[in-house]
Structure formats: structure tokens, C-alpha cells
Amino acid sequence: MTTYLIETKDLTKQYGDQTSVNRLNLHLRPGRIYGLLGRNGAGKTTTMKMLLGLTRPTAGEVLLFGMPLRGNERKILPRIGSLIESPGFYPNLTGTENLRIFARLRGIPSADAIREALALVGLPYRDKKVFSQYSLGMKQRLAIALAVMHDPELLILDEPINGLDPIGIAEIRSFLRKLCDEKGKTILLSSHILSEISLLADDVGILHQGVLLEEESLAELEARNGRSIHLSVSDSAQAARLLETELHTTAFRVEDDHSLRILDLGLPIPAIARTMLAGGLDLQDLHLCEDTLEDYFKRVTGGEGIA
Amino acid sequence: MLSLIWCELYKLKRTPFVVLVALAACLFPIPATLVSMRGGTDGSFLSLSFLLLTILAGPLLLPVVGGCLAVLLFHRERDWETLKNLYTVPVRWSGLVAAKLFVVYLGCVLFSMVSLLAVAATSSLTGTPATPFFSCLAAAALVGFFYASATLPMILLVLWLDRGTLLSVLLCVLYGVAQSIQVFGGLYYIAGTASAEAAPLDSPLMWSFPILVFRWYTGFAASGQMVLGPDTAPFYLDTVPLLALSLLLMLVCGGLMVLLGRRQEV
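These figures come from a predicted structure and were not determined experimentally.

Here we take up the overall build of chain B. Within chain B, the regular secondary structure consists of ten helices and zero strands. In chain B, the succession of helices and strands from N to C terminus is α-α-α-α-α-α-α-α-α-α. The C-alpha atoms of chain B give 19 Å as radius of gyration, which agrees with the globular expectation for 266 residues (18 Å, within 12%). Among the 266 residues that make up chain B, the fraction classed as buried is 42%. For chain B, the share of sequence-separated contacts (at least 6 apart) that also reach a separation of at least 24 residues comes to 80%.

Looking now at the overall build of chain A. Assigned secondary structure in chain A consists of eleven helices and 15 strands. The dimensions of chain A, computed from C-alpha atoms along their principal axes, are 75 × 40 × 35 Å. The buried share of chain A, reckoned over its 307 residues, is 39%. Look at the contacts in chain A between residues 6 or more apart in sequence, and 67% of them connect residues 24 or more apart.

Quick look at the sheet that holds strand β12 (residues 227-233) of chain A now. Residue and element names in this part refer to chain A. Taken in spatial order, the four strands of this open sheet run β13-β14-β12-β15, and their pairing is antiparallel. The outermost strands of the open sheet, each flanked by one partner alone, are β13 (252-256) and β15 (283-290). The mean angle between the axes of side-by-side strands here comes to 20 degrees, regardless of whether they run parallel or antiparallel. Sheet topology note: the β12/β15 ladder contains seven bridges and is antiparallel. Paired with Arg 227 across the two strands is Glu 290, which belongs to β15. Packing of helix α10 (residues 269-278) onto the sheet brings it into contact with β12 and β15, and relative to β15 it is tilted by some 155 degrees.

Attention now goes to the sheet that holds strand β10 (residues 203-208) of chain A. Sheets are built from strands paired through backbone hydrogen bonds, the pairs being either parallel or antiparallel. All names here are of chain A. Pairing is mixed across the open sheet formed by six strands, whose spatial order is β7-β8-β9-β4-β10-β11. Whereas interior strands pair on both sides, the edge strands pair on one side only; in this sheet they are β7 (80-83) and β11 (211-217). Shown here is a sheet whose adjacent strand axes are inclined to one another by a mean of 15 degrees, direction ignored. Alignment of β7 against strand β8 (residues 154-158), held across four bridges, turns out to be parallel. If you follow Ile 80 over to β8, its bridge partner there is Leu 154. Of the strands in this sheet, β7 and β8 touch helix α5 (residues 136-148), which is tilted by about 165 degrees from β7.

This brings us to the confidence of the model for chain B. All names here are of chain B. A residue-level look at chain B finds 91% of positions with pLDDT of 70 or above and a mean pLDDT of 84. The secondary-structure element of chain B with the lowest mean pLDDT is helix α3 (residues 29-38), recorded at 75, while helix α5 (residues 83-87) shows the highest, at 91. The ipTM for the predicted assembly is 0.80, set against a pTM of 0.80.

Once that is clear, we can look at the packing of helix α1 (residues 2-10) of chain B against helix α6 (residues 93-125) of chain B. Residue and element names in this part refer to chain B. Relative orientation of the contacting elements α1 and α6 amounts to 55 degrees, with a least axis distance of 9 Å. The pairing of α1 with α6 is recorded here as oblique in orientation. α6 is crossed by α1, and the crossing has right-handed handedness. Along the contact surface, α1 presents Leu 4, Ile 5, Glu 8 and Leu 9, while α6 presents Gly 95, Leu 96, Ala 99, Lys 100, Phe 102 and Val 103.

On to the interface of chain A and chain B. How big an interface is tends to be reported as the loss of accessible area on association of its parts. Contacts between chain A and chain B engage 25 residues on the former and 21 residues on the latter. If one sorts the elements of the side of chain A that touches chain B by residue count, helix α3 (residues 95-106) of chain A sits on top with six residues. When the residues that make up the side of chain A that touches chain B are grouped by side-chain class, the tally is 14 nonpolar, five polar and six charged.

Turning next to unusual backbone geometry. Between Val 89 of chain B and Pro 90 of chain B the backbone carries a cis peptide bond, its omega angle lying at 5 degrees. For Pro 90 of chain B, the position within the fold is in the loop between α5 and α6. Phi is positive for Gln 209 of chain A, which is not a glycine, with a value near 50 degrees. The residue Gln 209 of chain A is located in the loop between β10 and β11 in this model. A count of 17 C-beta atoms within 10 Å places Gln 209 of chain A in the partly exposed class.

This part takes up α3 of chain B. Residue and element names in this part refer to chain B. Listed as buried for α3 are Pro 29, Ala 32, Thr 33 and Ser 36. One face of α3 carries all of its buried residues, which in axial projection span an arc of 95 degrees. Exposed and oriented more than 90 degrees from the buried face of α3 are Pro 31 and Arg 38. In this fold, the buried residues of α3 make contact with α4 (45-79) and α6.

Okay, the pairing of strand β2 (residues 18-24) of chain A next. Successive side chains on a regular strand alternate, one facing one side of the sheet and the next facing the other. All names here are of chain A. In the sheet, strand β1 (residues 6-15) pairs with β2 via four bridges, with the strands oriented antiparallel. Bridge assignment links Lys 13 to a residue of β2, and that residue is Val 21. The antiparallel pairing of β1 with β2 creates a hairpin that spans two residues between the two strands, and Gly 16 there sits at a positive phi of about 65 degrees.

On to the packing of α4 of chain B against helix α8 (residues 165-191) of chain B, then. Residue and element names in this part refer to chain B. One way to put it is that α4 packs onto α8 with a least axis distance of 8 Å and a crossing angle of 160 degrees. The pairing of α4 with α8 is recorded here as roughly antiparallel in orientation. When the axes of α4 and α8 are compared, the crossing they make is right-handed. Between α4, through Ile 55, Pro 59, Leu 60, Leu 61, Pro 63, Val 64, Gly 67, Cys 68, Val 71 and His 75, and α8, the contact on the second element is made entirely by Thr 165, Ser 168, Val 169, Cys 172, Val 173, Tyr 175, Gly 176, Gln 179, Ser 180 and Val 183. Here the contact of α4 with α8 is composed, by residue class, of 13 nonpolar, seven polar and no charged.

Structurally, the position occupied by Arg 177 of chain A is in helix α6 (residues 166-183). For the pair Arg 177 of chain A and Ile 187 of chain A, spaced ten residues apart in sequence, the C-alpha separation works out to 9.3 Å.

About the criteria used
Residues numbered from 1 in each chain as written. Chains lettered and ligands numbered in written order. Predicted model: local features only at pLDDT ≥ 70, side-chain atom pairs only at ≥ 80, totals over all residues. Helix = DSSP H or I, 4+ residues; strand = E, 2+ residues; numbered from the N terminus. Rg over C-alpha atoms; globule rule 2.2 N^0.38 Å. Buried ≥ 20, exposed ≤ 12 C-beta atoms within 10 Å, placed from the backbone. Contact = placed C-beta atoms within 7 Å. Pairing = 2+ DSSP bridges. Axes fitted to C-alpha atoms, helices over the stretch in contact; angles between N-to-C directions. pLDDT = per-residue confidence, 0-100. Parallel < 35°, antiparallel > 145°, perpendicular 65-115°, else oblique. Left-handed = near helix turned anticlockwise from the far one by under 90°. Nonpolar A, V, L, I, M, F, W, Y, C, P; charged D, E, K, R; others polar. Arc of directions from axis to C-beta.

Printed below as a string of C-alpha cells:
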């Protein structure tokens, strides 16, 4: 049985009549980056707040490190670093002073932890600038520094690249990737920016109107939604047999009774058509698909794409 | 808990309000003392401290200082969205409330003691010996403690209303004015009798919080004793009932503040 670092069971959150998160079953494996993708208002932040105990679920359960969150907050939360919504700090204090407060509360005695965390995100240690004078990008960097300062096993980051410039985005992306690959950290991050998720995540969850529509590895999603040949026939089982026996390929997927997706792009389209017709099948459609992840996202959410 | 208190104090760094309060504590007593020495008191240090702490600065300024400090400490967490960072440490709301109230108490006690020191300095410079100094200093600390407790219902109201900082500060000022009105109302009532000791205690005004402090101060500041002799009762109050009342306010209001915060989600 797989042990998940984060597992939710039918997690639900309602605000009055409105259901913000609906029976969510999330599974996050250790040492992976999980990208929670969804449009604005999809329920990403609410989900993350429930994972951190900041918001009480209406129903369902959150399991972190194999333990229920409720009642184990003192054991679990110190093992997590988080960034939820906009960075929240004291405006009259410098970045270092702000981190000093949380270091003290977390029982981190060494000033090195603060210095290292600031260095990791590219902020100066002894800066005289107070938080209220910070740019949005600097605020975001400070929030990431706070999340990693105590060397947590799990990072929960809500839209971590908000407000960062392109270079900053690339830096944070590489930093998170390194945390996962070299230090074995597990990261759950949310974004409405599809390209970011596709560049960073190992696993992807697509959340739409509070419902988790998909939960797959990125490789699987890409395989499913990259270039392929779409085939609509009268009998997909018979077509599958023809592909195996006549065209000697198993790189295809039967989608339903009448459609298949051929992943082996080396097969000539006219040859496929001839084989199907010769096998006595009615061929309704045969074309090359070039779905991007964004196309897929649009299709599963039934809406316009996101940035 | 010590870490939480340290953090609450640290958060006040570079806060102009703290400088303003410190200046008020040091400067307000000087003109008040000089004017009082010219009339209205017998000119002794005890009378001057009594006038400042139980009639002028105590009822008017201490609720404003305590209230504004609480508004600053509580609203800052909300306005700057820092509660989520604290909760994920994890820090409990009850611990936060306790630490913030500790700072409010500390602020009121320090304000009261610094005011007393300013009175002592002013009276000494004008040739009046600052005696009995230590019992007056202890009385000042207790006045700060009592008025911090008296401010708790107003802090609770501010938290419950959950309005903007400006309205909350305005409420604190109004509360301070209301406390002063009670003192002056009580004084007017006492002035209608032959002596303070002879004032009938059946009026509710004689049991209002500022008048209770007024009725307690002289006895304690003069003797530094916790318990007054029976000959001075019933007008003069013992320290124990006032302490008990303050602790009761602390428990009830603090408890309600904790309950109020628990219901809120970040």
C-alpha cells in the first residue's frame, strides 16, 4: 500500500449554499512535486487552507504523513512549510526581523537558518528596508524564505510565483526543483498558470469548481495529450486487433467502443485507413491530433484556457 | 509563552505609537504636577501622585493606552495577514491572546510607573520630597494593572465589532472619557458630603471602577500595606477585592476573546 504524504478523503468545504471544494480525494507521493491546477476560484486556496488546518472542512478528512491532521497539529505542522495567498508579514520590520519572529516561535536558535533562507531566495540578510517598502516580488521571496527556513519535509505553496519577474520565476522554479531532487522534499504547489505546472510538476491535479477532475503524473497526461492519431470506427475492439496483427503496434489506447488514439506516429495514415477498411470496419474519422496540455485543460474543464 | 511575549514586544519595533505613549507618560505629569502644586492639593508627593494616577492620567489615559495597544496588536495580525503564518507554526489563538494581553498589561503598568517617576522628578526639583516613594511606585504599578483590567471589556468589544483601526481607536478614546466622567461624577458626589469617608456608598457611582481605584489608592500609597485597618473602612478599599475584581475581568474577558477568535477562520 502506497503511503502518501498528503491524502484527503472526500474533503468538502461549503460556505453557506456554495460548495467551494467537493469530495476531494488528493494523493501526494513523497519526493514529488504535485501541481494543483485550476482557474481562479476553483478551490485551490481553500484546499490548501484545509490541508494546513487554517479552515475547517465541512466534511471529509485530511491525512498528512499518514496521520489525521485534526488532533495532531503540533506533530504535523512543524514538518510543513507553507505560503498561502499573499505574503503576510509585519510592515514595520525588515525581512530579517520578520523571519526572526517566526524562527523564535519555531524554536530555531541559529541566525544561520535565517541567513541561509534569505540567501536561497536572493534577499539580503542585513537590509534596512522594512517590509512595507518591499516590491511584490521581494515579498513573495520572503514568504518562500519563511516556508523553507525550518527545513520542512513538505512544502505547500499557493501560487508561489505570483508577482515575480521572469528571471525570478526561473530562479524559484529551479530552486524548487532542486529542493525536490537533491533534498528529497515533497512539494504541493498550486497555480492557474498551466505552463508553470507543466515545467515543474511531476504529478498534476486538475481542480475545477471544487471538483478534482484529473489526478495523473505529468508524463501520463502528456502521453495522453501529446501528438496522436485519432480514429473513429464502428468497432474499436476489432480495430485494436487489426492494429496489433496487421500494423504490428501496441502503442494505442482504446478510448471507448468507437474511438482509439494511436500514439505511434510512425504509422502512415493512409495505411491505417486501408487496414481498417480491409478489415470490414466503417471508418468515420481519422486525423492527427496535436493536443497541448492547455487544450486538454480546456477540454476537461469545459471552458476557456488559462494563461 | 515567553517566546510569544518576546515576539509581541518585538512587533512593536519602529511603531510611532509606542514613542508617543512614552512621551505622554514622561511629559504629561510635569505640567499636571506643577499646576496641582499651586492649589487643589496639599502639595505633598502623595497627594500629587494621587491626583495624577486616580483622577487625571489613570482614568483618561490608561484605557486609551491599553486599548490602542491592543488594537495595534490584534488588528495588525488581521490587516497584514500574519495569522496564517502564526497558525502554521503552530501557535494557538489562546496563546496569542494571552501574550497580547500581557503586553497590554505591561504597557499600562509601565505607563503608570513612568508617570509616577515624572511626578517624583518634578516635585523633587521644586523642593517637595518624593516620599513615600516606594509605596507610591507600587501603587502606580497596581493602578496600571487595575486599569489594564478595566480596559479588557472595551478590547473585547473592539474584537467583537471587528471594525477598522480608526473606529476602534475612537472607541478607546471614548472609553477613557467615560472613565474620567465617572471619576468626576464620583468626586462631585463626594464633594456634597462632609468628608470623603462620610460619603454614602449606596450610590452606584461609588462602585464604578475608577472610583473603586480612587477609594483604594490613598490607603495603599500611604502605607504600602495590602490590608487597611478596620477603622478606615468602609470608604477606603482593601487591595484584595480590587485584585480579585481585576482577575475576574481578566478571566472572563480573556476567555471570551479566546472563544471569539476560535470561531474565526483565516
